[in-house]
Amino acid sequence: MNPKEVLEFAKKNDAKQLDLRFTDIPGLQHHVSYPMSEVDESSFEEGFGMDGSSIRGWAAIHESDMLLIPDPETAIMDPFAETPTLVMIGDVKDPITKQRYERDPRWIGQKAELYLKNSGIADTAYFGAEAEFFIFDNVSFDQNQHEGYYFIDAEEGRWNSGRRENNLGYRPRYKEGYFPVPPTDHYQDLRSEMAQVMIKCGIIVECHHHEVATGGQAEIDQRFDKLVKSADNMMLFKYIVRNVANQYGKTATFMPKPLFADNGSGMHVHQSLWNGSKALFAGEGYAGFSQLGLYYIGGLLKHARGLSAIIAPTTNSYKRLVPGYEAPVNLAYSRRNRSAACRIPMYSASPKAKRVEFRPPDPAANPYLAFAAMLMAGLDGVLNKVDPGEPLDKDIYDLSPEEMKSVPSMPGSLDEALNCLEEDHAFLLRGDVFTEELIETFIDYKRKNEAEAVRLRPHPYEFALYYDI
C-alpha cells in the first residue's frame with residue numbers, strides 16, 4: 001500500500017490508533033501509539049518524534065531526538081488490540097540531516113539489499129528462517145546479591161511432576177518430541193491458532209509441528225521472502241507467538257537453551273540468490289549446486305566464527321551450540337546431514353528449490369542484523385571465490401579425533417564469539433552496510449551487559465559443586 005491506501009485501509013477497519021514499531025540493536029521490538037487524528041499523508045514524510053537515548057545501544061542524550069517514518073508497505077491491523085489499531089514499522093531518521101540512522105537495524109538490512117544489487121552478483125536475496133520456541137505454563141526467575149534461581153513449570157515435562165494436580169501420562173521423552181500426535185503433542189490447537197493469526201496478518205505459513213525437545217518446543221515454518229521483508233515477518237512472528245500464548249495463559253520463549261539436557265531452539269536460515277527469475281544456486285556441482293552457490297557456502301563457513309556473535313548473540317546461545325543436541329558446532333557443509341553447519345536440502349530436484357540452510361543461528365538473534373551479516377559473508381565468498389572444501393556426508397559426531405582436527409568449530413562462549421567478530425568483520429563494512437562504529441557499539445554492549453554480567457554472578461550449580469570444598 002501507499003500512504004493514501006493505508007489511510008483508506010485504516011478508515012475501512014475503523015482504526016482508532018496508529019502503533020509505530022521499531023527494533024533495537026539486541027533485537028527487542030518497541031512501539032509508540034498515536035490517535036488516528038494525528039495521522040495524515042504528510043506523516044509518511046515528516047514522521048513522528050521520539051527519544052533515541054532511552055533505546056539500548058542508541059544515541060547519547062545530547063543527540064537523542066529522532067524521527068520515526070511509517071513504512072506504508074508494512075501496514076496491518078493489530079490482531080490483539082481491543083481498540084482497533086493500525087500497525088506499521090517505522091524507519092528511524094535524524095531530524096536535522098533527514099538521513100537514516102546508522103544504528104537502526106532495519107536500515108542495515110536495507111543497505112545489505114542495496115549492496116547486493118550494486119554488486120552485480122544478483123538482484124535478490126531470499127531468506128527463510130525457521131524459529132523454534134518453547135511453550136511453558138509458568139516461569140519465574142531472579143538474581144540478586146543473595147539468591148539466583150529460575151523455575152520452569154510446563155505440562156509437557158518431567159521436572160514438574162510434583163504438582164498436586166497433574167496428568168502426565170502423555171508427554172514426550174527428552175529429545176524424543178519430534179512429530180508425536182496429540183495427546184502427547186499438547187499444543188496442536190495453540191500452534192494452529194498462532195498459525196491462523198499469522199495468516200491473517202499476511203505471513204504465509206507452510207507448516208507447524210512439535211519439535212524434538214519437551215516443554216512444548218514448537219516450530220512454525222513461514223515462507224521465504226526478500227531479506228528485509230523476511231526480517232519484518234520474523235518480528236511479527238515473535239509478536240504473534242508471544243501474544244497467542246499469553247491469551248492461552250501460557251508463556252512462550254525464544255531463549256535458545258532454557259532446559260538442561262534437552263535440545264535447544266535454533267533458527268535455521270535458508271538462503272538463496274536470484275537474478276530475475278534465475279536461481280543462481282542451481283547447477284551441475286555437488287548436490288545440484290552451482291559454483292557460485294558453493295562459493296557462497298565458502299563465505300559462510302569462512303566467516304562463521306566472526307558471524308557467531310551476531311547470529312548466536314547471547315551467553316545462553318553457547319549452551320545450545322554443544323555436541324550431542326543436533327546443534328551444528330562444526331563448520332562443514334553437506335547434503336541432508338543436519339550435523340553440518342551448512343546443509344543443502346534435497347527435498348526437491350527443482351532448480352528453484354536450491355538453497356543453503358545455515359544452521360548455527362538461534363532465534364535470540366536480531367533478524368535484520370543476522371540476515372544482513374550472513375548475506376555479506378556469502379557475498380564475500382562469491383567475490384573472493386572461497387572454496388568451501390570437501391563436503392562432510394558422515395555423522396560429524398562419529399569422526400575420529402584425527403579427522404576432527406581438520407574440522408573448524410563454532411566459538412564456545414559469547415566472549416570468544418565477540419573476540420572473533422572483533423578480529424573478522426571487514427567483510428561487513430563493504431558498501432557501508434555495517435559501520436565500524438556500529439560493530440564497536442554492538443561488541444561493547446554485549447561484553448558489558450551480557451558476557452561480563454553473567455561471568456560476575458555465581459551460578460546455582462556452583463553451590464552444588466563447591467559449597468563443601
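Note that the structure is a prediction, hence the values are computed from the model and not measured.

Thresholds, definitions, all that
Residues numbered from 1 in each chain as written. Predicted model: local features only at pLDDT ≥ 70, side-chain atom pairs only at ≥ 80, totals over all residues. Heavy atoms only, no water. Salt bridge = Lys/Arg side-chain N within 4 Å of Asp/Glu carboxyl O. Buried < 20%, exposed > 50% of the residue type's maximum accessible area, 1.4 Å probe, protein only. Helix = DSSP H or I, 4+ residues; strand = E, 2+ residues; numbered from the N terminus. Pairing = 2+ DSSP bridges. Axes fitted to C-alpha atoms, helices over the stretch in contact; angles between N-to-C directions. Parallel < 35°, antiparallel > 145°, perpendicular 65-115°, else oblique. Left-handed = near helix turned anticlockwise from the far one by under 90°. Contact = heavy atoms within 4.5 Å. Nonpolar A, V, L, I, M, F, W, Y, C, P; charged D, E, K, R; others polar. Disulfide = S-S within 2.5 Å.

Caption draft 1: Quick peek at the pattern of salt bridges. For the structure shown, the criterion picks out 21 salt bridges. One salt bridge connects D14 with K16, and the closest N-O pair in it is separated by 3.2 Å. A relative accessible area of 41% means that D14 is categorised as partly exposed. We classify K16 as partly exposed; its relative accessible area is 42%. Residue R103 pairs with E437 through a salt bridge whose shortest N-O separation is 2.2 Å. Of this pair, R103 sits in the loop between strand 6 (85-93) and helix 3 (105-119) while E437 sits in helix 12 (residues 436-455), placing them 334 residues apart in sequence. Classification of E437 by relative accessible area gives partly exposed; the value is 37%. Connected via shared salt-bridge partners are D71, D91, R100, D104, R106 and D232.

Caption draft 2: Structural detail: the pairing of strand 7 (residues 124-136). Taking burial as the measure, the 13 residues of strand 7 include 12 buried ones, the bulk of the element. Note that strand 7 and strand 14 (residues 267-275) share eight bridges and pair antiparallel. Bridge pairing in strand 14 links Y126 to S272. The pairing of strand 7 with strand 12 (residues 225-226) spans two bridges and is classified as antiparallel. Across the sheet, the residue bridging to Y126 is K226, located in strand 12.

Caption draft 3: Unusual backbone geometry, seen in detail. Phi is positive for A261, close to 70 degrees, though the residue is something other than glycine. Mapping A261 onto the fold places it in the loop between strand 13 (251-253) and strand 14. Phi is positive for A287, close to 55 degrees, though the residue is something other than glycine. Within the secondary structure, A287 sits in the loop between strand 15 (278-279) and helix 6 (291-302).

Caption draft 4: Examining the packing of helix 5 (residues 227-247) against helix 9 (residues 367-383) more closely. Where helix 5 contacts helix 9, the axes come no closer than 9 Å and their chain directions differ by 150 degrees. The orientation of helix 5 with respect to helix 9, classified from their angle, is roughly antiparallel. Two packed elements cross with a definite hand, and for helix 5 against helix 9 that hand is right-handed. Seen from helix 5, the contacting residues are L227, V228, S230, A231, D232, M234 and M235; seen from helix 9, they are P367, Y368, F371, A372 and L375. Taken together, the residues that form the contact of helix 5 with helix 9 break down as 10 nonpolar, one polar and one charged.

Caption draft 5: Layout of the pairing of strand 1 (residues 17-23). Burial runs high along strand 1: six of the seven residues are buried. One ladder, built from five bridges, connects strand 1 with strand 6; its direction is parallel. The residue bridging L18 from the neighbouring strand is L86, located in strand 6. Two elements, strand 1 and strand 2 (residues 29-35), share seven bridges in a ladder whose sense is antiparallel.

Caption draft 6: The state of the cysteines, seen in detail. Across all of its chains, the model carries zero disulfides by this definition. The cysteine C201 is free of any disulfide, with C207 supplying the nearest cysteine sulfur at 19 Å.

It is worth stressing that arrangement in space is one thing and function is another; only the former is reported here.
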